[in-house]
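# Residue-level structure breakdown
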Amino acid sequence: MTRRLRLWVLTAGLLATAALYVAACTDLPAFGGSWHPYGDRAVRAALQQHTANAVSSVNFDQRAFDTLGEETVLFSSVLGTVVLLRRTRGEKRVAPGPAEVPAALRRYGLLVLPVTLLIGLYVIAHGQLSPGGGFQGGVVVATSLHLLYIAVDYKALERIRPLGLFELADGTGEAAYILLGAAGLIAGSAYLANTLPLGTFNTLSSGGTVPLLNAAVGVEVTSAVVVLLAHFLGQALEIESEDGAKDGGREA
Amino acid sequence: MHDALIVVVLLLVAAAATGAVLQRDPARQAVVLSALGLTLAVLFTVLQAPDVGLAQLAVGSAVTPLMILLTVRKVRRKGRRE
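What you see is a predicted model; the values in this text were computed from it and never measured. (Residues numbered from 1 in each chain as written. Chains lettered and ligands numbered in written order. Predicted model: local features only at pLDDT ≥ 70, side-chain atom pairs only at ≥ 80, totals over all residues.)

### Here we look at the interface of chain B and chain A
Taken residue by residue, the interface counts 17 residues in chain B and 19 residues in chain A. Considered class by class, the residues forming the side of chain B that touches chain A number ten nonpolar, one polar and six charged. (Contact = placed C-beta atoms within 7 Å. Nonpolar A, V, L, I, M, F, W, Y, C, P; charged D, E, K, R; others polar.)

### Observations concerning the UniProt feature "signal peptide" (unreviewed entry) in chain A
Within the UniProt annotation, "signal peptide" (unreviewed entry) is assigned to residues 1-24 of chain A. Between the end C-alpha atoms of residues 1-24 of chain A the distance is 32 Å, and the span holds 92% helix and 0% strand. (UniProt positions renumbered as here; feature names shortened; annotations may be inferred. Helix = DSSP H or I, 4+ residues; strand = E, 2+ residues; numbered from the N terminus.)

### With respect to the UniProt feature "transmembrane region" (unreviewed entry) in chain A
On the UniProt side, "transmembrane region" (unreviewed entry) is annotated at positions that read residues 72-88, 108-129, 135-154, 175-193 and 213-233 of chain A here. Regarding residues 72-88 of chain A, the helix share stands at 76% and the strand share at 0%, and the terminal C-alpha atoms are separated by 26 Å.

### Considering the packing of helix 1 (residues 2-22) of chain B against helix 2 (residues 26-46) of chain B
Residue and element names in this part refer to chain B. For the pair helix 1 and helix 2, the least separation of the axes is 9 Å and the interaxial angle reads 160°. What the angle tells us is that helix 1 and helix 2 run roughly antiparallel. In this structure, helix 1 crosses over helix 2, and the sense of that crossing is left-handed. Residues Leu 5, Ile 6, Val 9, Leu 10, Leu 12, Val 13, Ala 16, Ala 17, Gly 19 and Ala 20 of helix 1 lie in contact with helix 2, whose contacting residues are Gln 29, Val 32, Leu 33, Ala 35, Leu 36, Thr 39, Leu 40, Val 42, Leu 43 and Val 46. Looking at the contact of helix 1 with helix 2 residue by residue, the class counts come to 17 nonpolar, three polar and no charged. (Axes fitted to C-alpha atoms, helices over the stretch in contact; angles between N-to-C directions. Parallel < 35°, antiparallel > 145°, perpendicular 65-115°, else oblique. Left-handed = near helix turned anticlockwise from the far one by under 90°.)

### Some remarks on helix 8 (residues 163-186) of chain A
Residue and element names in this part refer to chain A. If you check helix 8, its first and last C-alpha atoms are 34 Å apart, about what 24 residues at 1.5 Å a residue would give, namely 34 Å. All of the buried residues along helix 8 are Asp 170, Gly 173, Glu 174, Tyr 177 and Leu 180. Check the buried side of helix 8 and you find it contacts helix 4 (64-84) and helix 9 (210-238). (Expected span 1.5 Å × (residues − 1). Buried ≥ 20, exposed ≤ 12 C-beta atoms within 10 Å, placed from the backbone.)

### Regarding the UniProt feature "transmembrane region" (unreviewed entry) in chain B
In the numbering used here, UniProt assigns the feature "transmembrane region" (unreviewed entry) to residues 6-23, 30-47 and 53-72 of chain B. Counting secondary structure, residues 53-72 of chain B comes out at 100% helix and 0% strand; the distance between its end C-alpha atoms is 27 Å.

### Some points on unusual backbone geometry
All names here are of chain A. With a phi close to 55°, His 50 is a non-glycine residue in the positive phi region. Tracing the sequence through the fold places His 50 in the loop between helix 2 (37-48) and helix 3 (54-62). Taking the number of C-beta atoms within 10 Å as the measure of exposure, His 50 has 21 and is therefore buried. Positive phi values are uncommon outside glycine, yet Leu 192 reaches one of about 65°. Within the element layout of this structure, Leu 192 appears in the loop between helix 8 and helix 9.

### Overview of the nonpolar core
Of all hydrophobic cores here, the largest spans 52 residues; its most connected members are Leu213(A), Ala224(A) and Val225(A). Among the elements of the structure, helix 4, helix 5 (103-125), helix 6 (134-151), helix 7 (154-160), helix 8 and helix 9 of chain A together with helix 2 and helix 3 (50-81) of chain B are those that each provide at least two residues to this core. Sorting elements by how many residues they give to this core places helix 9 of chain A first, with 18 residues. With near-sequence residues (within four places) excluded, Val225(A) lies in contact with Gly138(A), Val139(A), Ala142(A) and Val63(B). (Core = buried A, V, L, I, M, F, W, Y, C linked by C-beta atoms within 7 Å.)

If you want it as structure tokens, here you go:
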């Protein structure tokens, strides 16, 4: 294709997209209005299912199958990262040396780490009740562990992050979601159907399968982010080619 | 009052996003991206979507910039050797 033809194709595509976008926008309800047909139905269904956080009810009950897809996207992309960022032939692992950390940073980091970890676990555990859930809390838990890398050094992070266990937990979280879905089939209705007792509204054990699926996602996301960052850290700090000169330490 | 708040946060998001585009150094860009993630999280919270806000805060202002910084470090290390 010549450059001119490509530009014409681009222009046609842009114009068509713009026309469709304008046509779609003219039919949108006004900003901040009180007409929310989908929201009303979703909230009604959430209340019926004794799930205080309507968003979690949508994610893990009304649209639980969509969430299975999302979880699998994360799972497979982490799997891809593990394969792509592995140590290949002609590369070696060089352990990075200990690094100087300013005392204030160390103090602050070690203080914030347990607090962040607790917040993350709280957000996962209360997914069916308040904003947040397995996904958000999982990312918080995973990042909280990495505060140890900032506050102390890479070696300290490696000690509290047994990678094999996290890889196992990643697969377990994914499998737990799929198997919990199958439990719905066995109980007699449909895949991922909410078949458990719904419990008392606004308590930790309410929502039937919602807290269980939420916990499975929490385990999966926590481990997935830890494994993902582990491979990025490994490439950035440890892995270098066989003939390469070592450059120790790390940048602040 | 609430509308004014939304406008202010939208302007902050636009400013941070423009800053991220105008910054050409990837390492600095990651820091601006982190600030953009923060403003987006505030926007989602103001628009009564705290669930999305939390996700944005955790992923957009922590994990993504960290991954960019680590990638930059890897690439620069390689460049220094060759």
